[in-house]
Amino acid sequence: MARIHAIDGVPPRAVEGPWELLATPAGACAGPGDLPLSGDWTPALVPGTAAGSLQAAGRWSEDGPDPIHDRDIWYRTRLTGTGRERLRFEGLATLAEVWLDGVPVLFSDSMFRAYTVEVDLTGDSVLALCFRSLAAGLARPHKRGRWRPRLATPGSLRGIRTSLLGFMPGWSPVIDLVGPYRPVTREPIRHGPIEADLRASLDGVTGRLAARLRLPGHDQTQATIHCDGREAILTQVEPGLYQGLLDLPDIAPWWPHTHGEPCLHAVEARIGDRCLDLGRVGFRQITLTRPFEEGLSLAVNGVPVFCRGACWTPADLVGLSSAREALAPMLAMAREAGVNMLRVPGITLYEADAFHDLCDEQGILVWQDLMLANFDYPLDDPEFRERLHGEITDLLDRTQTSPSLCIVCGGSEVWQQAAMLGLPRAAWSEGFPTDTLPGLVASQRPDLITVPNSPSGGDLPFSVRAGTTHYFGVGAYLRPFEDARRAEVGFASECLAFANVPEPESLRRAGLTDPSDSRWPAGVPRDRGADWDFETVRDHYVATLYRADPARLRSDDPARYLALGRAAVAECMEATFAEWRRGRSPTTGGLVLSWRDLAPGAGWGVIAHDNRPKSAWYALKRAFRPVQIMLSDEGLDGLHLHAVNDTGAPIAASLRLAFLDPAGKSVARAERPVDLPPHSASSWSSADLLGRFFDATVAYRFGPATHRLAHAALCDGAGAVIAEAFHFPLGREVEPVPLGLNATLSEGPGGWALRVSTERPALSVAIDIEGEGRPGDNHFHLVPGFVRDIPLGGTQGRPGGTVAALNGDAPVRF
């Protein structure tokens, strides 16, 4: 059922407490009556986790997390009032019991289910929650699966519905997630539960809103549904049950923000004198543009969409905050970076309502995995299937009106794990994900796409051309940039994982400025059993791109080592997505692993643990621009320019191409006006633009190359740069030399800004703000004649810091 945000303007009331918690030995107390009278109770945060509450009390530290799964955790509070009430528990992690006045009213064995119980209050009731030791639960005898993944331990996790976070060495910190991590609410019972079923669809330019409302105990003849200033009558088909259809011609549709406006429309129902706030809906259509076996490819409202973004990680790993204020900054940064899709992977947990609301508002598509990853789950066990069905139903109920949700996927790397261990296709490609999941999703959300697993679709689950793949050719498998084209990726639901180095200020705050520090490796992700980690992956590209010796620099010049690492990752990101977004590429999407670090250090995240963006984030912000220009090396066919306009508006621009020598002098150049229609892609060759032969890719080798850098710029009518692209035919020369780099700080109505210019080509220009604040762009290339005005957001007072280029002889202070 759809969420009912308020009845007669009154939302459900949170059970605010005060709450307190107590840890007891596993199994020591059978019920709340056995709790010690003078126990060491700690104030508790609800919603939240035991770790979050203990951390707030100074009794637990994220730097050295104590285990919590080895004991029972009790919560308690008092409920005042009398009469019959409905208590709702949105998320209990994991083996939970609910007691009211010493009487058990609920048992839960799933972190992913929401539960409602009806209770009688006596005026001063004691509500107690017990979270039984998960370690004890996992230690009980269990049926072994056909395979055991290395990703997470112990193997008994396959049978318990809890998050793998905290159980994946090398992937996430060992933080035990225990407690009522989602809201606990209460409301008086006047009649039976009110249910609302809303289905929003788009047929051409006409929106259609189908409504079905059940209000037990009501028998009103007048009922209406309202949306976009229009209304339709709801017919009472039986006592308390109303349904109707509202057609909305020329409704403003919902788009991913890269392609249009994510329009949302408020909905309310009026039944007699009752008013139900049913939230907001968006009208959109999601379709496939080709068979899944040829590569997942989405269209929104009939327009093909290149999906780009990342695999989401929780904004608060310790407390699992579901508060809007905790999630909003992360999702605002996603939109700022041009992200139009986030995947919630099966190793994490289903996100809170606020996450989906914010994605609706920001215009960010959501790919939702089931919380299944790598294990051979007991899908033939009726009880397990019932729990899984329940959590899917809960998810689809509460996201029923969410236009951002577009894909439901049967899990992460379950099929891949089995296939890589040599099991036959029949052992992993049949059953629930293909037989049951599509129908289950279609019964509640027929507008969604279902994917059996991530990856899946080819002869092997990880075949790169079919279905959806996890592409780490550029990245973990150390392939050259050319592999991004050679692989002919269809859709990469994971890609481009590196140990991404945080910005200097993030490292200073974490006390991790030296990569030789003994604490440094703890922040670097690695696959269990591998003799390499993702820092060696990054180092490979440092050596390849800059002809540097990472091992020597690490010990002799750590600042230079880290600067090259930041630059290398940015180059990998931009080069790969430039290849994938060109018009003739078969690739229709790429989601980077991952969005945010779960611990301090050089993790996979493009956002650091302190929520500051890294070089990868800035690179993706450039690579994901809705209006973008790219360069591709076509060998003997020269350099090709590719322009993309994802927006719904035409773009009249000027296209400029220049070939520069080492000093930044132009040896060949061209400029022409171009018109980019809405939702279009265009390409030109360098020969077409120049009108003559020029060895743009240094492929013919008729004597020494006359240029070291190609620079393309797409500019608007006023000459402002919309997008830029760079090509280095002979590689990136980063030997430090005088550049004439200049940085001037100024304050205007929009705040502080930095004007950066150079007399010679400056590579990977890095702005390091000391203290609060971040630049609007960073780790960018700059050529003579082009001035960058970089806003400095979030600063407190006059900012200070340095600007340095990778090939510059000295930083410039501002």
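A quick note: this is a predicted structure, and the numbers were derived from the prediction, not measured.

### A closer look at the overall build of the protein
- Within the protein one finds 16 helices and 43 strands.
- Seen through its principal axes, the protein has C-alpha atoms that stretch 90 × 60 × 60 Å.
- A separation of at least 24 residues holds for 69% of the contacts in the protein among residues at least 6 apart in sequence.
- Split by element, the accessible area of the protein, about 31400 Å² in all, is 51% carbon and sulfur.
- Of the side chains in the protein, 79 bear a positive and 99 a negative charge, and the two mean positions are spaced by 3 Å.

### Some thoughts on the packing of aromatic side chains
- In total, this model carries 21 aromatic pairs according to the counting rule given.
- Ring plane angle 90° and centroid distance 5.3 Å describe the contact between Phe112 and Tyr350, whose orientation is recorded as edge-to-face. Residue Phe112 is located in the loop between β7 (103-108) and β8 (115-131), and its partner Tyr350 is located in the loop between β22 (341-344) and α4 (353-362); the two are separated by 238 residues in the primary sequence. Of the two residues, Phe112 and Tyr350, neither departs from the other in class, the shared state being buried.
- Ring centres of Phe659 and Phe694 lie 4.7 Å apart, and the angle between their planes is 50°; on these two criteria the pair is classed as tilted. On the criterion of sequence distance, the pair formed by Phe659 in strand β31 (residues 651-660) and Phe694 in the loop between α16 (686-690) and β34 (709-715) is long-range, its members being 35 residues apart. Phe694 shares its class with Phe659; the two are buried.
- Clustering of aromatic rings is evident, with ring pairs tying together Phe306, Tyr471, Phe577, Trp580 and Phe624.
- The ring of Trp41 carries the charged tip of Arg76 above its face, separated from the ring centre by 3.7 Å.
- One Lys or Arg, Arg788, reaches over the ring of Phe780 and ends 4.7 Å from the middle of that ring.

### So, the nonpolar core
- One finds Tyr75, Phe89, Tyr546, Phe577 and Trp595 to be the most contacted residues of the largest nonpolar core, which totals 159 residues.
- Element by element, the count of residues in this core is highest for helix α14 (residues 558-581), at 11 residues.
- One finds Leu676, Trp684, Ala696 and Ala712 within the second-largest nonpolar core, a separate group that totals 25 residues.

### Quick word on empty space enclosed by the protein
- Counting across every chain of the model gives 6 cavities of 30 Å³ or more.
- Considering only enclosed or pocket space, the largest cavity measures out at about 110 Å³ in volume.
- Put simply, the parts of the chain that give the lining of the largest cavity at least two residues each are α11 (504-510), β38 (762-769) and β39 (774-775).
- The greatest single-element share of the lining of the largest cavity, amounting to 3 residues, is contributed by β38.
- When grouped by side-chain class, the residues that make up the lining of the largest cavity number 6 nonpolar, 3 polar and 5 charged.

### Description of the sheet that holds β34
- Read from one edge to the other, the open sheet built from 4 strands follows the order β32-β31-β34-β35, with strand pairing classed as antiparallel. What marks the edges here is a single partner per strand, and that holds for β32 (666-676) and β35 (721-727). Going across the sheet, the axis of each strand differs from the next one's by a mean of 15°, ignoring polarity.
- Where β34 meets β35, 6 bridges bridge the pair, whose relative direction is antiparallel.

Rules of the game
- Residues numbered from 1 in each chain as written.
- Predicted model: local features only at pLDDT ≥ 70, side-chain atom pairs only at ≥ 80, totals over all residues.
- Heavy atoms only, no water.
- Helix = DSSP H or I, 4+ residues; strand = E, 2+ residues; numbered from the N terminus.
- Contact = heavy atoms within 4.5 Å.
- Areas by Shrake-Rupley, 256 points an atom, 1.4 Å probe, with all protein chains shown as cover.
- Lys, Arg positive; Asp, Glu negative; His and termini not counted.
- Charge placed at Lys NZ, Arg CZ, Asp CG, Glu CD.
- Phe/Tyr/Trp six-rings, centres within 6.5 Å; stacked < 30°, edge-to-face > 60°.
- Buried < 20%, exposed > 50% of the residue type's maximum accessible area, 1.4 Å probe, protein only.
- Lys NZ or Arg CZ within 6 Å of the ring centre and 35° of its normal.
- Core = buried A, V, L, I, M, F, W, Y, C linked by side-chain atoms within 4.5 Å.
- 1 Å grid on protein atoms, 1.4 Å probe; cavity = no way out; pocket = protein on both sides within 12 Å on 5 of 7 lines; lining within 4 Å.
- Points joined across faces, edges and corners; volume = space filled by probe spheres on them.
- Nonpolar A, V, L, I, M, F, W, Y, C, P; charged D, E, K, R; others polar.
- Pairing = 2+ DSSP bridges.
- Axes fitted to C-alpha atoms, helices over the stretch in contact; angles between N-to-C directions.

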